[in-house]
Amino acid sequence: MSSTQIETIENRNLLGLINTLNALASNELWDVSQIERLLYHFDLKGSDVEEFVHPNSRQYHRQTIFKNEKFEVLIMTWLPGQKSRPHDHANSLCAVKVLRGSAIEDQFEIAPDGFVERVDSTELAQEEIIVSKDASVHALRNSASSDSPLVTLHVYCPPLGNFRCFEERRSTEDVPQIKIGPTPKHTNVLVIGGGFSGSIVAANLLNRSRDFKGDKLTVTVAERRGKIGTGVAYGTPTEEHLLNVPANRMSAWPDRPDDFSTWAFNNKGSSDPKGFLPRKWYGEYIRETLLRVANERYENARLSLVLDEVVRVQRDPNGTWDVQFASGQSQTADALVLAIGHRPPSDPFAGIWLGPRTRYIADPWNAGSLHGIGSRDTVIALGSGLTAIDVVLSLFTESDVHSVTLLSRRGLLPKVHAGTPPRDMSDVLMPLLAKSESLKLIDIVRAIRKTIKAQPETKDGWQRVIDGVRPFTSAIWQTLNDLERQKFLSRLRPYWEVHRHRMPPEVNRRLNDWLLKGQLRLIAADVNLVTANHHAVEISLNRKLGSIRNERITADWVINCTGPQPSNSATANPVIASLIGTGIVRSDSLNLGLLTADDGRPLDSERRAVENLWILGTLRKPQYWESTAVPELREQAAQVCNVIYQFLKNHQTQTSG
């Protein structure tokens with residue numbers, strides 16, 4: 001559509017803007033100057049969008065007006081002092097018009113240590129428009145001194161997807177100089193994934209750098225999100241989301257059990273080493289741990305951070321790895337570590353959802369995804385595990401919703417931590433493990449149940465038994481054959497998960513309070529059909545219990561809380577796609593992760609261990625099953641570090657000789 005055609009449009013309201021954007025979308029024409037002219041032409045005022053203005057005292061509000069696969073239009077409401085987190089817009093064109101009040105746009109630069117620092121602030125007056133399509137990092141806010149709400153119109157073409165949120169440096173005063181090396185063209189070790197696993201294996205490598213002979217060790221960590229150390233698990237911005245393990249068991253170092261609880265006391269004033277602390281704090285701890293080690297070992301090693309997505313890896317003729325980033329830059333590496341975590345959840349409504357999805361939140365961990373849910377709205381959350389519990393906490397404490405319905409096939413909630421020491425299960429499990437190939441899942445289940453029944457008559461006896469099983473979980477998994485493992489996944493897994501992955505007592509108390517008040521309810525049912533419009537969603541379901549089996553329930557919103565998916569398929573992750581396509585890695589038969597040798601190297605298409613490539617974290621579930629929690633991952637990181645150092649030592653000898 002030409003500028004002349006735009007000028008002749010008579011309908012200058014919100015609907016006219018959406019219709020014109022639809023016309024442009026059909027031709028896939030997104031031009032900065034063109035979108036800017038459109039916003040000026042459709043001279044929208046605050047009064048034109050009054051029905052979409054929803055102040056929320058807890059957070060700024062995002063109201064989706066229209067969304068398809070080509071673009072989205074939103075109205076955002078900001079009370080004085082409310083602001084967004086520093087973020088980019090991925091590959092989307094971003095247009096903003098101030099409809100009421102005045103906004104402040106903060107511009108940031110990414111520092112070498114991964115934090116962002118504010119470099120400029122600009123006031124945007126009422127009716128002012130900004131349009132951009134670049135990789136810059138910015139944030140919007142309503143000044144704390146403002147005396148009125150701020151209302152802004154936003155257009156994103158295409159809709160915002162996996163954009164990055166960054167961590168602003170808390171203060172520029174008295175900050176020690178963080179010694180981070182520049183991004184090299186060649187690195188000794190490149191770690192793909194900067195969550196817990198990637199950060200801790202990098203910290204282990206740097207810590208061992210005095211053993212490295214020759215030039216300084218170089219370690220590069222590549223993270224597609226905007227922050228190092230947090231990943232999805234610890235990247236939550238809210239302190240309502242707690243660790244489900246006490247602080248004194250969450251140290252990053254196997255030989256320093258009090259490291260995290262000491263950090264929490266020194267930095268947050270937490271004096272309870274057995275407390276369940278905010279996951280946000282833990283993400284800060286992991287990031288600071290990595291940066292502190294980089295500083296301490298700067299004379300022997302260099303750490304560089306790349307906040308970019310790796311889109312392809314391939315082996316060079318000389319045996320090193322060529323790594324390509326989304327930005328176009330590349331690196332070569334002597335050794336590669338895949339510490340890739342989970343990917344977003346799959347679509348549980350594929351083929352049964354009718355109507356628009358403007359009232360559907362596909363991934364609750366996307367930044368700002370819950371900000372459109374208003375006070376007194378009703379919500380249906382699909383799933384009742386720990387993801388759903390986190391969402392419930394956010395909805396009641398930040399959005400002040402009217403009610404939440406948890407909908408899952410079995411209607412199971414996570415059990416509660418008891419704080420009691422584990423029972424030593426050696427006497428029960430070691431004789432069973434000695435059976436080796438003849439071990440059956442039913443043998444393990446019967447032994448655990450019998451032990452629980454034999455416990456003293458206390459309400460937390462079963463917790464002690466389940467916690468006592470944990471040190472043997474990987475050994476049990478490795479002893480079971482594929483048929484027995486499949487039985488576990490199809491029949492027992494949901495029940496094991498709610499007993500093994502429990503919630504803190506204080507979270508349980510809050511859930512029970514909401515359940516008693518009727519604000520929260522739990523339904524065990526299968527979903528048959530979903531019918532939606534732009535205002536509400538209706539779900540037809542088949543209850544598992546009760547006299548009424550077929551039922552229809554409605555809500556303002558539906559949130560997918562079914563949990564993340566593994567990153568072991570070509571469609572889930574571009575790095576895995578490039579490795580699977582060349583036969584370098586292969587998924588397991590149960591689709592849990594990647595096949596690996598005992599030292600963490602992946603097995604190729606002919607089941608041979610691949611040289612100078614290591615797998616860490618959740619992708620090793622086929623071998624260990626327990627490969628997501630801190631105690632197991634920190635041990636993996638230390639072990640992988642040892643074998644990488646042996647490889648680097650041999651590699652140096654070969655290249656120098």
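What comes next concerns the included structure. Bear in mind that the values here come from a model prediction, so they are computed numbers and not experimental data.

**Remarks on helix H12 (residues 482-500)**
At step 1: With 19 residues, H12 extends only 22 Å from end C-alpha to end C-alpha; this falls clearly short of the ideal 27 Å at 1.5 Å per step.
At step 2: Buried residues of H12: Glu484, Arg485, Phe488, Leu489, Trp496, Val498 and Arg500, and no others.
At step 3: The N-cap residue of H12 is asparagine 481: its side-chain oxygen and the backbone nitrogen of leucine 483 are 3.1 Å apart.

**Some words on the sheet that holds strand E2 (residues 72-78)**
At step 1: Sheet architecture is open: five strands sit in the order E1-E2-E8-E3-E6, paired in antiparallel fashion. In the strand order of this sheet, the two ends are held by strand E1 (61-67) and strand E6 (129-132), each with one partner. Mean inter-strand twist for the sheet, computed between neighbouring axes without regard to direction, equals 15 degrees.
At step 2: Two strands pair when backbone bridges link them, and E2 and strand E8 (residues 150-157) are joined in this way by seven bridges, in the antiparallel orientation. When the bridges of E8 are listed, valine 73 appears paired with valine 155.
At step 3: Where helix H3 (residues 32-41) meets the sheet, its contacts fall on strand E3 (93-100), E6 and E8, and the angle it forms with E6 comes to roughly 160 degrees.

**Focus: the sheet that holds strand E7 (residues 137-141)**
At step 1: Taken in spatial order, the three strands make up an open sheet running E5-E4-E7, and their pairing is antiparallel. The open sheet has two free edges, formed respectively by strand E5 (116-124) and E7, since each of these has just one partner strand. Each adjacent strand pair in this sheet contributes to an overall mean axis angle of 25 degrees, direction not counted.
At step 2: Bridge analysis of strand E4 (residues 103-110) against E7 gives five bridges, and the strand direction is antiparallel. Of the residues in E7, the one forming a bridge with aspartate 106 is alanine 139.

**Observations concerning the environment of isoleucine 286**
At step 1: Position of isoleucine 286 among the secondary structure elements: in helix H6 (residues 279-296).
At step 2: Separated by 183 residues in the primary sequence, isoleucine 286 and alanine 103 place their C-alpha atoms 34 Å from one another.
At step 3: Aside from chain neighbours lying at most four places away, what touches isoleucine 286 is Phe196, Ser199, Ile200, Gly229 and Ala252.

**Considering the side chain of serine 197**
At step 1: Note that serine 197 resides in helix H4 (residues 196-207).
At step 2: By relative accessible area, which is 11% here, serine 197 ends up buried.
At step 3: Setting aside its immediate chain neighbours within four residues, serine 197 contacts Ala339, Leu616, Gly617 and Leu633.

**What to know about the packing of aromatic side chains**
At step 1: A full pass over the atoms with the stated rule returns 17 aromatic pairs.
At step 2: Between tryptophan 353 and tyrosine 360, the ring centres sit 5.1 Å apart and the planes meet at 50 degrees, which makes this aromatic pair tilted. Accessibility assignment for this pair places tryptophan 353 and tyrosine 360 in one class, buried.
At step 3: Among the aromatic residues, those joined into a ring-pair cluster are Phe196, Tyr234, Phe260, Trp263, Tyr282 and Tyr285.
At step 4: The cationic tip of lysine 216 hangs over the ring face of tyrosine 298; the distance from NZ or CZ to the ring centre is 5.9 Å.
At step 5: The aromatic ring of tryptophan 557 is capped on one face by arginine 359, whose charged end is 4.6 Å from the ring centroid.

**Let's talk about H3**
At step 1: Buried within H3 are the following residues: Gln34, Ile35, Leu38, Leu39 and His41. Looking down the long axis of H3, one finds its buried residues gathered within 160 degrees of arc, a one-sided arrangement.

**Some words on the packing of helix H8 (residues 426-433) against helix H9 (residues 441-453)**
Helix-helix packing is described using two parameters, namely the angle between the two axes and the distance between the axes.
At step 1: Contact geometry for H8 and H9: axes closest at 10 Å, N-to-C directions at 165 degrees. When the interaxial angle is binned, H8 and H9 end up roughly antiparallel. In terms of crossing hand, the pair formed by H8 and H9 is right-handed. The segment H8 lies against H9, with Val428, Leu429 and Leu432 engaging Asp443, Ile444, Ala447 and Thr451.

**Here's the deal with the nonpolar core**
At step 1: Grouped together as the largest cluster of nonpolar side chains are 59 residues, with contacts concentrated most on Phe260, Tyr282 and Leu303.
At step 2: The residues contacting phenylalanine 260, other than those within four sequence positions of it, are Leu243, Ala247, Met250, Ser251, Leu277, Trp281, Tyr282 and Tyr285.
At step 3: If you look at the next biggest cluster of nonpolar residues, it comprises 29 residues, including Leu21, Leu44, Phe66 and Leu93.

**Structural notes on the environment of threonine 218**
At step 1: Relative to the helices and strands, threonine 218 is located in strand E10 (residues 217-222).
At step 2: When the C-alpha atoms of threonine 218 and threonine 183 are compared, they prove to be 9.7 Å apart, with 35 residues separating the residues in sequence.
At step 3: Contacts of threonine 218, omitting those with residues within four sequence positions, involve His186, Thr187, Asn188, Val189 and Arg302.
At step 4: Of the polar contacts made by the side chain of threonine 218, one reaches the backbone nitrogen of asparagine 188; its length is 2.8 Å.

Criteria and cut-off values
- Residues numbered from 1 in each chain as written.
- Predicted model: local features only at pLDDT ≥ 70, side-chain atom pairs only at ≥ 80, totals over all residues.
- Heavy atoms only, no water.
- Helix = DSSP H or I, 4+ residues; strand = E, 2+ residues; numbered from the N terminus.
- Expected span 1.5 Å × (residues − 1).
- Buried < 20%, exposed > 50% of the residue type's maximum accessible area, 1.4 Å probe, protein only.
- Polar contact = N/O pair within 3.5 Å; in protein donor to acceptor, adjacent residues only side chain to side chain.
- Pairing = 2+ DSSP bridges.
- Axes fitted to C-alpha atoms, helices over the stretch in contact; angles between N-to-C directions.
- Contact = heavy atoms within 4.5 Å.
- Phe/Tyr/Trp six-rings, centres within 6.5 Å; stacked < 30°, edge-to-face > 60°.
- Lys NZ or Arg CZ within 6 Å of the ring centre and 35° of its normal.
- Arc of directions from axis to C-beta.
- Parallel < 35°, antiparallel > 145°, perpendicular 65-115°, else oblique.
- Left-handed = near helix turned anticlockwise from the far one by under 90°.
- Core = buried A, V, L, I, M, F, W, Y, C linked by side-chain atoms within 4.5 Å.

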